[in-house]
Each structure stands twice: as C-alpha cells, then as structure tokens.
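Each chain is listed here by its residues.
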Amino acid sequence: MGARQLPMTWAAGGVAAAALVVIGLQRLPASTPRAVDAAPGAAPAGQRPLAATSLAGTTPGGAAVAAPDQSLRLDPGLIRLFDYWLTTVGERPLPAIRADVERDLDSRLAPPAARQAKDLSARYLAFKTALKAQRPARPAGRSVDMLRAGLRTLLALRAAYFTDAESQALFGPQDAEARDALARMAIEQDPALDPAQRAQRLAGFDARLPAGVRAEREAPLAVVRLEEAAQKIRAQGGSEDDVYRMRAAATSPEAANRLADLDRDEAAWKARIAAYLAQRAALRSAPGSDDARAAAAVDLRNRLFTPEEQRRLAAYEG
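Every chain begins its residue count from 1, and numbering advances along the sequence as written. Local features are withheld for residues below a pLDDT of 70 in this predicted model, meaning they are given only at 70 or higher, and side-chain atom pairs are given and counted only at 80 or more; totals for whole chains, interfaces and linings count all residues. Note: side-chain values were computed over all heavy atoms of the structure, leaving out hydrogens and water.

Caption draft 1: Local environment of the overall build of the protein chain. Secondary structure is summarised from DSSP: a helix means a run of H or I of at least four residues, a strand means a run of E of at least two, and numbering begins at the N terminus for each. Helix and strand content of the protein chain: 13 helices and two strands. Each residue is placed in one exposure class: buried if its accessible area under a 1.4 Å probe, protein chains only, is under 20% of its type's maximum, exposed if it is over 50%, and partly exposed if it falls in between. Looking at the 318 residues of the protein chain, the share that counts as buried comes to 31%. Should any heavy atoms of two residues lie within 4.5 Å, those residues are counted as being in contact. Taking the intrachain contacts of the protein chain between residues at least 6 apart in sequence as the baseline, contacts between residues at least 24 apart amount to 64%. In this description, accessible areas are obtained by the Shrake-Rupley approach with a 1.4 Å probe, and a residue is regarded as covered only by the protein chains that are shown. Summing over all exposed atoms, the protein chain offers an accessible surface of approximately 18500 Å²; the carbon and sulfur share of this is 57%.

Caption draft 2: Highlighting the pattern of salt bridges. When a carboxyl oxygen of Asp or Glu lies within 4 Å of a side-chain nitrogen of Lys or Arg, that pair is called a salt bridge. For the coordinates displayed, the defined rule picks out 22 salt bridges. The shortest N-O distance in the salt bridge between Asp104 and Arg108 comes to 2.7 Å. Within this pair, Asp104 and its partner Arg108 are both found in helix α3 (residues 94-108), separated by four residues, close to a single helical turn. Connected through shared salt-bridge partners, Glu227, Arg234, Glu240, Arg247 and Asp263 make up one network.

Caption draft 3: Looking closely at the packing of helix α6 (residues 164-188) against helix α7 (residues 195-207). Only the contacting stretch of a helix is used when fitting its axis, a line to C-alpha atoms as for every element, and angles between N-to-C directions run 0 to 180 degrees. Axis separation between α6 and α7 bottoms out at 9 Å; the angle between their running directions is 160°. Classed by the angle they form, the pair α6 and α7 counts as roughly antiparallel. Here α6 runs over α7; the crossing is right-handed. Touching Asp180, Ala183, Arg184, Ile187 and Glu188 of α6 are Arg198, Arg201, Leu202, Phe205 and Asp206, all from α7. Working definition: roughly parallel below 35 degrees, roughly antiparallel above 145 degrees, roughly perpendicular at 65 to 115 degrees, and oblique for all remaining angles. Crossing handedness is read from the near helix: turned anticlockwise from the far helix by less than a right angle, it gives a left-handed crossing, and turned clockwise, a right-handed one.

Caption draft 4: Seen up close, the packing of aromatic side chains. Note on aromatic contacts: the rings of Phe and Tyr and the six-membered ring of Trp form a pair at centre separations within 6.5 Å, being stacked when their planes are under 30 degrees apart, edge-to-face when over 60 apart, and tilted otherwise. One pass over the structure, following the stated rule, counts ten aromatic pairs. Aromatic pair Tyr84 and Trp85: ring centres 5.1 Å apart, planes at 85°, arrangement edge-to-face. Residue Tyr84 is classed as buried on the basis of its relative accessible area, which comes to 0%. Between the aromatic rings of Phe127 and Phe162, the centroid separation amounts to 6.4 Å while the plane-to-plane angle is 85°, which identifies the pairing as edge-to-face. Taken together, the positions of Phe127 in helix α4 (residues 111-133) and Phe162 in the loop between α5 (143-158) and α6 put the pair 35 residues apart, joining distant regions of the chain.

Caption draft 5: Representation of the environment of Ala275. By the secondary structure assignment, Ala275 is in helix α10 (residues 253-284). Residue class for Ala275 comes out partly exposed when judged on its relative accessible area of 35%. In sequence terms Ala275 and Leu304 are 29 residues apart; their C-alpha atoms lie 9.5 Å from each other.

Caption draft 6: Looking closely at the side chain of Arg184. By the element assignment, Arg184 lies in helix α6. Arg184 has contacts with Leu202, Phe205, Asp206, Leu209 and Arg217, leaving out every residue within four places of it along the chain.

Caption draft 7: Spotlight on helix α8 (residues 211-235). A helix is expected to reach a length of 1.5 Å times the quantity of its residues less one. Helix length check: α8, at 25 residues, gives a terminal C-alpha distance of 35 Å against a target of 36 Å (1.5 Å per residue), a fit within 8%. To get the bend at a residue, fit one axis to the 7 residues ending there and another to the 7 starting there, then take the angle between the axes. Most pronounced at Ala219, the bend in α8 amounts to some 35°, and the proline Pro220 follows within four residues. When we look at burial in α8, the residues that qualify are Leu226, Ala230 and Ile233. Summarising the contacts, the buried residues of α8 are in contact with α9 (240-250) and α10. The positive-phi residue at the C-terminal boundary of α8 is Gly237, with phi of around 90°.

Caption draft 8: Quick peek at the nonpolar core. Nonpolar cores were defined as sets of buried Ala, Val, Leu, Ile, Met, Phe, Trp, Tyr and Cys residues, with membership established by side-chain atoms within 4.5 Å. Judged by nonpolar contacts, the single largest core of 29 residues is most densely connected at Leu78, Phe82, Leu105, Leu109 and Tyr124. Those elements that provide at least two residues to this core are α2 (76-86), α3, α4, α5 and α6. Ranked by residues supplied to this core, first place goes to α4 with nine residues. Phe82 has contacts with Val101, Leu105, Ala117, Leu120, Ser121 and Tyr124, leaving out every residue within four places of it along the chain.

Caption draft 9: Up close: the confidence of the model for the protein chain. Averaged over all residues, the pLDDT of the protein chain is 80; the fraction at 70 or higher stands at 80%. Confidence scores per residue from the predictor, reported as pLDDT, run from 0 to 100. α9 holds the highest mean pLDDT among the elements of the protein chain, 94, whereas strand β1 (residues 4-5) holds the lowest, 40. In the predicted structure, residues 1-26 sits below a pLDDT of 50 and forms 59 contacts with residues beyond four places in sequence or in another chain. Across residues 29-50 the pLDDT falls below 50, and counting only partners more than four positions away or on other chains, this stretch makes 35 contacts in the model.

Written out as structure tokens, the structure reads:
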C-alpha cells in the first residue's frame, strides 16, 4: 500500500456547516508534548524527513509551486502544506516544526520562491498562535450568530498578518465555503420559516451556486444514490450484470468497471475476514495453554493480514 495522506479537507453542507466553520476557526492545539524525538531524524536521500510519529506513513498534503517568473505562486495548497506540519503541534516544539516546514520548502522551491514561502509560513504560524491566545466573547442567540462573530474575529486578526491579495489567494476558497455554510445555517435556524419555506430557500440558494460548486456538492449524494440503486437491484434478485448496466447508464462504462472492482475487493476482504474469524475460533478452543493459544492467534493474524490491514481488524473481532 502507498503512503497515506493526512486529510485536510473541510466538511460542507447542511448538518456539517457548523463543523466547517469551527475547522476554519481552529487554533493551534494546546502544547502537550508526548514522548517523541524533538530533533528531526535522518531521512533517506531524496525524501523529506518526517520527524513526528503521527506523520509516519504519510505524505505531505498541499503544494508549494513557483510561477513562471520563479516567484512563489500564492495558492491554498500552501496553507494545506503548512497545516500538514502543524498537525504535530503538541508532539514537538514549534521551532522544530518550523524547521521541518522550511526544509520541505527548500526541497520544493528555488531560493527566491522558498524565501517567500518561508516568510508566509512564519506569518501563518504567528497568526495561528495569536488566534489561539484570543478568548472572544460568546454572543447570545443562535449558534450561527456565534460562528459569524468568530469568523469576523478571525478575518480581522488575519488582516494583521496578510494583505488582502494574499488572503484572497491563500484563503479565498475556505472563506467562501465558510460564508456559504453560515448562510445555510441562518436559513436552517430562522424561526420565522416553516419546513417548506426553509426547503424552498435552501433550494434557491443552491440554484445560485456556480455549476462547478453544485456538481461538487452533489457528487457524494450521487454515489450514495448509485449504491442504493445497486442494493435494490440485488434485493430484487438482479445479477451483478444488471448492477453493472445500471451503473454504466448512470455514469460511464469506465466508472462502472471501477465500482465493480471495488465490489470484488470488498467481497474478497469479507471472505478473508470470515475465514480468519473461523480459524481464530478454532484456535481458541484448541488444547494447550492460554499463552500458546494467544501466540497462535497472533501468528494467524500476521500470516493472513499485513500490518496496515490489521488496523481494520478490531472492528470485526469484537
């Protein structure tokens, strides 16, 4: 399996609107060091060092790219890259994390662009630290009012560290998503609206969104509907060929093939789990000491599953 990538996405829409804004307003975690090395370890040639144990097996999210004139291209990917390293706050001191960021930027960019990126990362860290120190008053009223006040606080503080142009380039999509979520929350929490009016307002809100944004919002729901349709076909006695034809008509033959591959992988995984649980049950009832049975169970796990796969077993073992 390839190296995993830490998720850095924002939640969006409906019930997740509050989470969206809270993530946008998040401060640096409290500093609670854990037992990990403070200094970066040596990395193989050509690889960036991953000093914190929580980053083991991951690849840095985000990006740092130079423009054609070799200046730094301002892009939300930079913030995702900074946030990747900042997930280790609490494991390691901030100077060590900042050193990791700067080494990563040096490995990605030529010196002029790297200097610009390092300046931005230093300001971003200072901004996050200042945000952590703030204790804004909690306004009375709806949760949407509290979140709006928090967003105003964040934007006012951020203006002390970034120009308008920098904020638009680095945070524009996040800001737009936060405002979108707050507008939806305001509709959902408006006591003057009945359910039908609320649904009508939200539908009108969706209709005004750019086509690309609407497609992005609807994509997860389309996958859910597709899976529901597949389960219905199977429940009615339909074959996997019937499922394939439905998927191909709704998407494309290529997408239907990928979904069929996922179905086969899931079926194979479940078969392996069933075989493992049966063998484990037999081991537990076998003669011998508890220690011998436990050792045999560990050996069985190691023979049937990779270390990565074993992380999923707890959900099946009871």
